[in-house]
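Overview (structure and organization)
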Number of protein chains: 4
Amino acid sequence: MKILVTGFMPFGGETVNPAYEAVRRLPAQIAGADIATVEIPVVYKKGPAAVEAAIDAEKPDMVLCVGQAGGRAEITPEFVGINYANFRIPDNEGFQPLSTKLEEDGPDAYFATLPVQAMVDACKEKGVPANVSYSAGTYCCNEVLYELLYALDHRHPGVRGGFVHVPYLDSQAANLKAGTPSMSLARITEGLTAMVAAMVEHEGEDIVSASAGCEH
Amino acid sequence: MKILVTGFMPFGGETVNPAYEAVRRLPAQIAGADIATVEIPVVYKKGPAAVEAAIDAEKPDMVLCVGQAGGRAEITPEFVGINYANFRIPDNEGFQPLSTKLEEDGPDAYFATLPVQAMVDACKEKGVPANVSYSAGTYCCNEVLYELLYALDHRHPGVRGGFVHVPYLDSQAANLKAGTPSMSLARITEGLTAMVAAMVEHEGEDIVSASAGCEH
Amino acid sequence: MKILVTGFMPFGGETVNPAYEAVRRLPAQIAGADIATVEIPVVYKKGPAAVEAAIDAEKPDMVLCVGQAGGRAEITPEFVGINYANFRIPDNEGFQPLSTKLEEDGPDAYFATLPVQAMVDACKEKGVPANVSYSAGTYCCNEVLYELLYALDHRHPGVRGGFVHVPYLDSQAANLKAGTPSMSLARITEGLTAMVAAMVEHEGEDIVSASAGCEH
Amino acid sequence: MKILVTGFMPFGGETVNPAYEAVRRLPAQIAGADIATVEIPVVYKKGPAAVEAAIDAEKPDMVLCVGQAGGRAEITPEFVGINYANFRIPDNEGFQPLSTKLEEDGPDAYFATLPVQAMVDACKEKGVPANVSYSAGTYCCNEVLYELLYALDHRHPGVRGGFVHVPYLDSQAANLKAGTPSMSLARITEGLTAMVAAMVEHEGEDIVSASAGCEH
């Protein structure tokens, strides 16, 4: 099995992005799966294009894109990507799409096709804070998530994919507004490794588990 | 024009729900539209059923459902409802669906069909804090939003709908954890009134405005 | 009995200060006590001087100074003022004292001499969120609190005093960062009125209640 | 030079306290100073007594007490300890003093006698988030800080002292409420080490720097 893991470049004036910093520290194999990593640009349309180019090159079984969600305290797998861009700041090439559909013929949203709850549980078992997120925002991270799922749906049948947001690094937060949560690079890397292992272990499980049922 | 506005009953041990308290104080007419209001139960499947029964009875042109999002500081129209239930607490009849699809044949999500940004702008112009929200959670509020949009899509063509979350009342927060944000009933009612007026004024506008375009 | 209540002018680029807006709306009498109000400048040394000038003019039995603590969700009586100024922004005349003692011969801190817990309880009973605060910061609010208590200690024996922070108004927060808590002017005024009534009812009580004792 | 560093035992149902976990990992020497460490109980009066017993035994030049402030995102040296106890939960032996003075003949507060701003700066330079705090609360941490400064003032002339709060460990936060900030044990230990080095380097500096002056 092969898993492609992508990480964003720095953006918004930062000189580092914890996403790719952690991604490039992942081991070459996790739970028996080969890990391929790639850095992608924080640029409208070019980010998703870089992901798909890597899919074409690596032929992975699963794809996990990783980005920074400054201000969050936990590692958060995203449940859903939406067909919408509304950038609060320009991307790294100065584009700022506002209130725009990502794909004219796409559905309003796609659920990730990874076992997000199992990923969260595996991360917490390692003592690294994690939680499922139900909004990836309206910037490049959501764009890459939605476009990944659109591409998998249309052009890569059988490949599963999703997105994980990671907090600021401690070293970033040390220079930011008082009270900004953060995480060490070591723990982010450890958490992502645990999440990828859970992807392997729970391979093929749907994000919505019909078996969970209804308690009464 | 007629607008149906629904508000949830109290739940989770509270004796009051700011949603219906504000909804029942709305004027009979807003911006020339007739306002019909109804209180709905915080019960799986019964909440959405009550909304649709009111649609059948009132034949509205637009539907706005209102619920409480304890902990938020602002009035927040929801952008999207997702096909997923994962109740963190049981509903008012003791049901607690976990990791369940709401509609087996439904899409992963529906965007609301109300002009959410215009609603936010109108509310802020009155000096009442507001913001677009991109997650309605996984409890009864999201259920009612998704099922409303599913029902409109399948059975009520031309009717538009959406959901707005309101903060705790000051009187609720006074007895809760230190630092819990809240709003007065008067301001919530004023904000909802402004939002309904914006719904009338911007009637027929899509939630995603193609004209917004891409700045460079 | 006479109570002097002071409120700060706007500062930091704001055009309104909820403190004086609420103070000037207080009734002329509360719980049988006459209320005198005055607006004071957000200026190093001139703020405290204006408070003491009003004390000399009004001869009050108690003094309550009121200021804005943007970002807090509740009305918060301050427990303690510290002998320290470290302004994060310049005052309204451009002074910015850094890491400076307010009074060379003063103690490190003074406790307020008002019944802060009873004030909080009275406010909550009206359904207005409130809590005791243990830090008034290091800007003009703490300066006025410390200098008030220093002045009462040295020059106005028998007069009691303290400070209350109030949140942003809703109309301020509507134009600020998403998630900023706020309160309506009506509720702030109602809460302050309840707090002043508690000051009258609990007149002469120490801020530290020896009777509270030690549970085991 | 010798520095005594104390850390609290677990409390409030936790099985670990990041304070002592980090303290016991400090190197034996920091910036040329010998480091003595001791674990102290989260018990009214017994905590301060254990600190003073260690002072008597170790004869340190400076004392730094360390405790956990669950919910904070940064390592925070405390500026001031207040003569007040109001425990929100019972201590580890079931005592819960409420609205009580710690020392009948003590001043309302003592400033720490450590260079807190230099400690914060040194910590941030290592990429570990830090900030000065102006309230140590009203539980055992403030009690130990106030009683330490009272003891130094009365019985150990020339010895300097203060208190630092540290965040939850990642492994604690992983099992707590969503959004709870935390820090890794490695970073907490690194941050404390940098702070102790700054204590040595800035030995003898007052917490209020008269030289900072007033910008205009």
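Every chain is numbered independently, its residues counted from 1 as its sequence is written. To label them, take the chains in the order written and letter them from A, then take the ligands in the order written and number them from 1. Reporting in this predicted model follows two pLDDT cut-offs: at least 70 for local features of residues, and 80 or more for side-chain atom pairs to be given and counted; totals over whole chains, interfaces and linings ignore these cut-offs and use all residues. No hydrogens and no water enter the side-chain calculation; it runs on all heavy atoms of the structure.

An unreviewed UniProt entry lists chain A under the name Pyrrolidone-carboxylate peptidase, from Paratractidigestivibacter faecalis. UniProt positions are given in the numbering used here, feature names are shortened, and annotations may be inferred rather than shown by experiment. Turning to chain A, the UniProt record has this under Subunit (unreviewed entry): "Homotetramer." Looking at chain A in UniProt, the text filed under Subcellular location (unreviewed entry) is "Cytoplasm".

We now examine the relation of the copies chain A and chain B. Superposing the copies works by least squares over the C-alpha atoms of residues that have pLDDT at least 70 in both of them. For the pair chain A and chain B, the superposition axis carries a translation of 0.0 Å, the fit reaches an RMSD of 0.0 Å, and the rotation angle comes to 180°. Taken together, the rotation and translation relating the two chain copies correspond to the operation of a two-fold axis. Any two residues whose heavy atoms approach within 4.5 Å are treated as being in contact. In this assembly, 100% of the residues forming the interface of chain A have copies in chain B that are likewise at the interface, indicating an isologous arrangement.

A word on the UniProt feature "active site" (unreviewed entry) in chain A. Residues and elements named next belong to chain A. According to UniProt, the "active site" (unreviewed entry) feature falls on E78, C141 and H165. A maximum C-alpha distance of 10.0 Å is found for the annotated residues, which run over 88 residues; spatially they form one tight group. Strands are runs of DSSP state E lasting at least two residues, helices are runs of H or I lasting at least four, and both sets are numbered from the N terminus onward. Within the element layout of this structure, E78 appears in the loop between β5 (76-77) and β6 (80-82). By relative accessible area, which is 0% here, E78 ends up buried. For E78, the contacting residues outside a window of four places in its chain are R72, A112, V116, S133, Y134, S135, A136, L145, F163 and H165. Position of H165 among the secondary structure elements: in strand β9 (residues 160-166). Judged by its relative accessible area of 3%, H165 falls in the buried class. Accessibility here uses a 1.4 Å probe with only protein chains present; expressed as a share of the type maximum, an area under 20% marks a residue as buried, one over 50% as exposed, and anything in between as partly exposed.

Once that is clear, we can look at the interface of chain C and chain D. Residue-level contacts link 31 residues of chain C with 31 residues of chain D. What counts as buried area is the accessible surface, traced by a 1.4 Å probe, that two parts surrender upon association, with contributions from both included. Summed over both sides, the interface of chain C with chain D buries roughly 2,600 Å², with 62% coming from carbon and sulfur. A pair is scored as a salt bridge if a Lys or Arg side-chain nitrogen falls within 4 Å of a carboxyl oxygen belonging to Asp or Glu. At the junction of chain C with chain D, the criterion picks out zero salt bridges. Side-chain atoms alone can form a polar contact between residues adjacent in sequence; in general such a contact is a pair of N or O atoms within 3.5 Å, and within protein one must be able to donate a hydrogen while the other accepts it. Put simply, chain C and chain D have two residue pairs in polar contact (both at pLDDT 80 or more) between them. Elements with a minimum of two residues in the side of chain C that touches chain D: β6 (80-82), β7 (96-97), β8 (109-111) and β10 (214-215) of chain C. The greatest single-element share of the side of chain C that touches chain D, amounting to three residues, is contributed by β8 of chain C. Side-chain classes follow a simple rule in which Ala, Val, Leu, Ile, Met, Phe, Trp, Tyr, Cys and Pro form the nonpolar group, Asp, Glu, Lys and Arg form the charged group, and the remainder, Gly included, forms the polar group. Among the residues making up the side of chain C that touches chain D, the classes are represented as 16 nonpolar, eleven polar and four charged.

All names here are of chain D. If you walk across this open sheet you meet the six strands as β2-β3-β1-β4-β9-β5, and the pairing is mixed. Unpaired on one side and paired on the other, β2 (29-30) and β5 (76-77) mark the two borders of the sheet. Pairing analysis gives two bridges linking β2 to strand β3 (residues 33-40), with the strands arranged antiparallel. Counterpart to I30 in the pairing with β3 is A33. Here, strands pair whenever DSSP counts at least two bridges between them.

Time to look at the interface of chain A and chain B. Interfaces are often described in size by the accessible area the parts lose on coming together. The interface is formed by 31 residues belonging to chain A together with 31 residues belonging to chain B. Taking both partners together, chain A and chain B bury about 2,600 Å²; carbon and sulfur atoms supply 62% of that area. Here chain A and chain B share zero salt bridges between them. Here chain A and chain B share two residue pairs in polar contact (both at pLDDT 80 or more) between them. Going through the elements one at a time, β6, β7 (96-97), β8 (109-111) and β10 (214-215) of chain A are the ones with two or more residues in the side of chain A that touches chain B.

A word on helix α3 (residues 116-125) of chain D. Residues and elements named next belong to chain D. By the burial criterion, the buried members of α3 are V116, A118, M119, V120, A122 and C123. Close packing links the buried residues of α3 with β4 (62-68), β5, β9 (160-166) and α6 (185-201). Phi turns positive, to about 80°, at G127, one or two residues after α3.

Turning to the relation of the copies chain C and chain D, a few remarks are in order. Between the two copies of the chain lies a relationship made up of a rotation around an axis and a movement along it. Structural alignment of chain C on chain D gives an RMSD of 0.0 Å, achieved by rotating through 180° and translating 0.0 Å along the axis. Taken together, the interface assignments show that 100% of the residues at the interface of chain C recur at the interface of chain D, consistent with an identical surface on both copies.

Patch rule: a residue counts if its relative accessible area is over 30% and it has no salt bridge; like charges are joined within 9 Å, and nonpolar side chains (Val, Leu, Ile, Met, Phe, Trp, Tyr) within 5 Å. Accessible areas in this description were obtained via Shrake-Rupley with a 1.4 Å probe; residue shielding takes into account the shown protein chains only. In this count, Lys and Arg are taken as positive residues and Asp and Glu as negative ones, while His and the chain termini are left out. The atoms used to mark charge sites are NZ of Lys, CZ of Arg, CG of Asp and CD of Glu. Taken together, the side chains of D121, E125, E201 and E205 of chain A present a region of like negative charge at the surface. Summarising the element assignment, E205 of chain A is placed in the loop between α6 (185-201) and β10.

Across all of its chains, the model carries 36 salt bridges over all chains by this definition. One salt bridge connects R160 of chain B with D206 of chain B, and the closest N-O pair in it is separated by 3.8 Å. Taken together, the positions of R160 of chain B in strand β9 (residues 160-166) and D206 of chain B in the loop between α6 (185-201) and β10 (214-215) put the pair 46 residues apart, joining distant regions of the chain. Because the salt bridges share partners, they merge into one network encompassing E21, R24 and R25 of chain A.

Before going further, it helps to examine the packing of aromatic side chains. Any pair of Phe, Tyr and Trp rings, taking the six-membered ring for Trp, is counted once the centres come within 6.5 Å. Such a pair is stacked with planes under 30 degrees apart, edge-to-face with planes over 60 apart, and tilted for the rest. Applying the stated criterion to the full structure yields 40 aromatic pairs over all chains. With 6.4 Å between their ring centres and 50° between their planes, F8 of chain A and F163 of chain A make a pair best called tilted. Linking F8 of chain A in strand β1 (residues 2-8) with F163 of chain A in strand β9, this pair joins segments that are 155 residues apart in sequence. The pair formed by F8 of chain A and F163 of chain A is uniform in burial state, with each residue classed as buried. Note on F79 of chain B and F111 of chain B: the rings are 4.8 Å apart at their centroids and 70° apart in plane angle, and the pair reads as edge-to-face. Highlighted residues: F79 of chain B in the loop between β5 (76-77) and β6 (80-82) and F111 of chain B in strand β8 (residues 109-111), separated in sequence by 32 residues. The burial state of F79 of chain B is the same as that of F111 of chain B; both residues are buried. Taken together, the ring pairs connect F11, Y44, F87 and Y139 of chain A into an aromatic cluster. A cation over a ring is seen here: R88 of chain B above Y139 of chain B, with NZ or CZ 5.8 Å from the ring centre. Counting as a charge over the ring demands two things of the Lys NZ or Arg CZ atom: a distance within 6 Å of the ring centre and an angle within 35 degrees of the ring normal.

As a general feature of sheets, a regular strand has side chains that alternate between the two faces. Residues and elements named next belong to chain B. Of all seven residues in strand β4 (residues 62-68), seven are buried, a share of seventy percent or more. Residues M62, L64, V66 and Q68 point to one face of β4 and V63, C65 and G67 to the other, with burial holding for every one of them. Alignment of β4 against β9, held across seven bridges, turns out to be parallel. Counterpart to Q68 in the pairing with β9 is V166.

Quick look at the pairing of β3 of chain D now. Residue and element names in this part refer to chain D. Alignment of strand β1 (residues 2-8) against β3, held across seven bridges, turns out to be parallel. Its bridge partner lying in β3, G7 is registered against E39. As consecutive antiparallel partners, β2 and β3 are separated by two residues, and within that stretch A31 has a phi angle of approximately 50°, a positive value.

Between chain A and chain C there is no contact, and the shortest C-alpha to C-alpha separation is 12 Å. Of all C-alpha pairs spanning chain B and chain D, none lies closer than 12 Å, and the two are not in contact.

Moving on to the environment of R72 of chain D. Residue and element names in this part refer to chain D. Within the fold, R72 resides in the loop between β4 and β5. On the basis of relative accessible area, R72 is assigned to the partly exposed category, the value being 25%. In this structure, the C-alpha to C-alpha distance between R72 and H165, residues 93 residues apart in sequence, is 8.6 Å. Once residues lying within four places of it in the same chain are set aside, the contact partners of R72 are E78, S133, S135, H165, P167 and P181. A polar side-chain atom of R72 sits 2.9 Å from the main-chain carbonyl oxygen of S135.

All names here are of chain C. When you line up the elements, G12 lands in the loop between β1 (2-8) and α1 (18-23). C-alpha separation for the pair G12 and N175, spaced 163 residues apart in sequence, amounts to 14 Å. Not counting residues within four places of it along the chain, the set of residues in contact with G12 comprises I89 and N92.

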